[in-house]
Structure formats: C-alpha cells, structure tokens
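Here are the chains, one letter per residue:
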Amino acid sequence: MSSGHRLRDVEQHHPLLDGEEAAVGSAEGEAEQVWFIQDGCGMVCAFITWFLVLYADFVVTFVMLLPSKSFWYAVVNGVVFNCLAVLALTSHLRTMLTDPGAVPKGNATKKYMESLNLKPGEVIYKCPKCCSIKPERAHHCSICKRCIRKMDHHCPWVNNCVGENNQRFFVLFTMYIAMISTHALALSGYQFVTCVKVQWSECSDFAPPVTVMLMIFLCLEGLLFLSFTAVMFGTQVHSICNDETEIERLKKEKPTWERQVRWEGMRSVFGGKPSLLWINPFAGLRLRRLLATRSRKAGAEFSV
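Residues numbered from 1 in each chain as written. Predicted model: local features only at pLDDT ≥ 70, side-chain atom pairs only at ≥ 80, totals over all residues. Heavy atoms only, no water.

Within the protein, the secondary structure is distributed over 8 helices and 7 strands. For the protein, with 304 residues in total, the buried portion stands at 45%. Counted over contacts in the protein with a minimum sequence separation of 6, partners at least 24 positions apart contribute 73%. Element-wise, carbon and sulfur atoms account for 63% of the exposed surface of the protein, whose accessible area totals about 16400 Å². (Helix = DSSP H or I, 4+ residues; strand = E, 2+ residues; numbered from the N terminus. Buried < 20%, exposed > 50% of the residue type's maximum accessible area, 1.4 Å probe, protein only. Contact = heavy atoms within 4.5 Å. Areas by Shrake-Rupley, 256 points an atom, 1.4 Å probe, with all protein chains shown as cover.)

Moving on: the UniProt feature "transmembrane region" (unreviewed entry) in the protein. According to UniProt, the "transmembrane region" (unreviewed entry) feature falls on residues 44-65, 71-89, 169-190 and 210-233. A helix fraction of 100% and a strand fraction of 0% characterise residues 44-65, whose end C-alpha atoms lie 30 Å from each other. In residues 71-89, the share of helix is 100% and the share of strand is 0%. The end C-alpha atoms are 27 Å apart. (UniProt positions renumbered as here; feature names shortened; annotations may be inferred.)

We now examine the environment of Trp 263. Here Trp 263 shows up in helix α8 (residues 263-270). Considering only alpha carbons, one finds Trp 263 and Ile 240, 23 residues apart in sequence, at a separation of 8.9 Å. If sequence neighbours within four positions are ignored, Trp 263 has contacts with Pro 274 and Trp 278.

Formed by 39 residues in total, the largest nonpolar core has its most connected members in Val 59, Val 60, Met 64, Phe 170, Ile 177, Leu 218 and Phe 270. Of all elements in the fold, only α2 (40-65), α3 (71-97), α5 (167-197), α6 (208-242) and α8 reach the threshold of two or more residues within this core. Examining the composition of this core, we find that 10 residues originate from one element, α5, more than from any other. Once residues within four sequence positions are removed from consideration, Val 60 is found in contact with Leu 65, Phe 81, Ala 184, Leu 187 and Leu 218. Ile 37, Ile 148, Met 151 and Cys 161 belong to the second largest nonpolar core, which has 9 residues in total. (Core = buried A, V, L, I, M, F, W, Y, C linked by side-chain atoms within 4.5 Å.)

What follows concerns the packing of α5 against α6. Two elements in contact, α5 and α6, have axes separated by 7 Å at closest approach and are oriented at 145°. You can see that α5 and α6 cross each other, and the crossing is left-handed. Residues of the contact of α5 with α6, tallied by class, amount to 19 nonpolar, 9 polar and no charged. (Axes fitted to C-alpha atoms, helices over the stretch in contact; angles between N-to-C directions. Left-handed = near helix turned anticlockwise from the far one by under 90°. Nonpolar A, V, L, I, M, F, W, Y, C, P; charged D, E, K, R; others polar.)

Let us now look at the pattern of salt bridges. Evaluated as defined, the whole model comprises 5 salt bridges. Arg 137 is the partner of Asp 243 in a salt bridge, and the nearest nitrogen-oxygen pair spans 3.1 Å. Of this pair, Asp 243 sits in the loop between α6 and α7 (246-251) while Arg 137 sits in the loop between β3 (132-134) and β4 (138-141), and the two are 106 residues apart along the sequence. What makes Asp 243 buried here is its relative accessible area of 8%. Given a relative accessible area of 12%, Arg 137 falls into the buried group. For Glu 246, the salt bridge is made with Arg 249, and the minimal N-O distance between the two is 2.5 Å. Of this pair, Glu 246 and Arg 249 are both found in helix α7, 3 residues apart, which corresponds to roughly one turn of the helix. (Salt bridge = Lys/Arg side-chain N within 4 Å of Asp/Glu carboxyl O.)

Moving on, we come to the packing of α2 against α6. For any two helices packed against each other, the geometry comes down to the angle between their axes and how far apart the axes lie. With their axes 10 Å apart at the nearest point, α2 and α6 run at an angle of 135° to one another. What the angle tells us is that α2 and α6 run oblique. Considering the relative orientation of α2 and α6, their crossing is left-handed. Note on element contacts: α6 touches α2 through Thr 211, Leu 214, Met 215, Phe 217, Leu 218, Glu 221 and Phe 225, opposite Leu 52, Val 53, Tyr 55, Ala 56, Val 59, Val 60, Val 63 and Met 64. (Parallel < 35°, antiparallel > 145°, perpendicular 65-115°, else oblique.)

Moving on, we get to α8. Buried within α8 are the following residues: Gly 265, Met 266, Val 269 and Phe 270. One side of α8 carries all its buried residues, which in axial view fall inside an arc of 115°. Looking one or two residues past α8, Gly 271 carries a phi angle of roughly 85°, positive in sign. (Arc of directions from axis to C-beta.)

For the rest of this paragraph, the subject is the side chain of Glu 248. Relative to the elements of secondary structure, Glu 248 occurs in helix α7. Relative accessible area serves as the criterion here: at 0%, Glu 248 is assigned to the buried category.

A full pass over the atoms with the stated rule returns 8 aromatic pairs. Measuring from centroid to centroid gives 5.2 Å for Tyr 55 and Phe 217, while their planes differ by 85°, and the two rings are edge-to-face. Highlighted residues: Tyr 55 in helix α2 and Phe 217 in helix α6, separated in sequence by 162 residues. Aromatic side chains Tyr 73 and Tyr 190 sit 5.2 Å apart centroid to centroid with 40° between the ring planes, which places their arrangement in the tilted category. With Tyr 73 in helix α3 and Tyr 190 in helix α5, this residue pair connects regions lying 117 residues apart in the sequence. Through successive ring pairs, a cluster of aromatic residues spans Phe 58, Phe 62 and Phe 206. (Phe/Tyr/Trp six-rings, centres within 6.5 Å; stacked < 30°, edge-to-face > 60°.)

Looking along a regular strand, one sees the side chains alternate between the two faces of the sheet. In the sheet, strand β2 (residues 123-127) pairs with β3 via 3 bridges, with the strands oriented antiparallel. Opposite Cys 127, over in β3, you have Ser 132 as the bridge partner. Between β2 and β3, which follow one another and run antiparallel, lie 4 residues, and Cys 131 among them has a positive phi close to 55°. (Pairing = 2+ DSSP bridges.)

Written out as structure tokens, the structure reads:
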C-alpha cells in the first residue's frame, strides 16, 4: 500500500491478511453458497413466523370460510387471504435468503487497496473483526459476522440483517403481514357476530369450544402481528424517505453523504418508477442454480 494512504482500524488493531489469496478464496467459496445465517435464535424465530402464518391460514380456511353457507363470501375471502399469505411468506424467504449487502471478507489486501485509486492522505477504514475495508455507511453485524452495507438492523424474525439489498423485501414482508392480520381480525369479528346469532355448531365443522379457542388465539395473534408489523412498516418507510438507517438514527450520525429524500429514496430501494413491481416479491427472481450442499455462516444468495 502506498505510504500516502492511511488505513485506520475501526475498533482495535488487527493485522492485514498477507496476500490476496485469502480474499479471493473466500469470495469464490461464498459465490457457490446460498446466503443463510446459521443462528439458532433466528432459525427458531423464522420457524415460528411461518407456523403462525400457516396457523392463521388454517383457521381462516377450515374454521371460518369452508363451513360458510355463502359460496362467494368463502371463495373471495379465501383467495384474497391465501394470496396475501403467499406474498408474505415469499417476502420473508427473500429477506432471509438474500445477501443484505455483505462486504467481502478479507478484502483488506494490498492489491485491492491499490485498485481503489485513493488520493494521498485519504483515510480508509478496516473492520478488525472480518478484516474487510468498510464502505461508507457499512456496519458490522455480530450475528452475521460480516460488515453490511447500509445496515438498518438485524431482525431475528427473518434470520438476517436488513440492509442495502434486501430492505425492499423486508418492507413487503411487514406490509403483507399487517394486511393479512387485518383481514383475519375482520373475518374473526364477522364470524363471532354470525355465530352468536345462530347455533355455534352451525358455524363450524369443529366443536364449539374448539372453534372459540382457535378463533381467540387467531385474534390475539392478529393483534400482536398487526401492531408489530404496522409500526415496523411505518418506521422503514420513514427511514427510506429520509435516507437514514435505524443504526444511523440511534447513533445520531451526521450524514456525510448526499441524502436521497422521499421518492428518490423509495426508488433507490424499490427500483425504477412506481409500479406494481414494487409490491411484487417475485420480481427479479431467477433461480439460476440451486446450491447449498455445504452449510456456512453466510454465502451468496440465489441469483437475483
């Protein structure tokens, strides 16, 4: 590295990797892996999320809609609820399996720094934990064990960081969960009112006590999910419009970058002009190859 360039450790001193082989080998190895974080707490939370969504789908479909005497009421609400559930779970999967913007490990090599064409006296920062050059607005995640570009936070419910590459999917996940929670609460309210007017045994194929317990639990789940995801959705949209991550807001970091506000920030996250593609979690998905024969802490995502 040129003596005119200064390398500054962010936290504590850590020696640079000797040679570029380690960085190249790490990058090539990760390119052959599906991005997945092997965190016990995160995997349990992700499983619980899927279980609760599927539970809600079961109660709505088999307890409330199929026994309904109104054919079109059952069909319309069933199609809408199940479509929203598929969109929510797809958004969850893409948030969890998408590289959030991880900086390559061990790229703090002489050759890489020379390729940056740094000006004499310019300071660059190196993360001592993953031995990588930290771009502006990148932060190290102790769970992912990587520096993440524009890291907003690490969410155990999606078992991944929310960062530059997957924030769009996380926003869609919170939006669709809030929508199906609202829909489930509305259906539950209508079902309770209907069943009070007639015999409970006529409202469902299940025994009345079982039906009541299933619906009460669904209502509690819906209220909890709606409260959490609605707040998170609003927070994420506010952060995107202000071009400020949650970490930057909590640390009260003064922006050293040119902020993209409102629609500019939304376009940078969702891509292009406003369209239906913004709310489509399938957009841009290309399963070029299905890998992951060997597990790692982190790896490359499906090609998107």
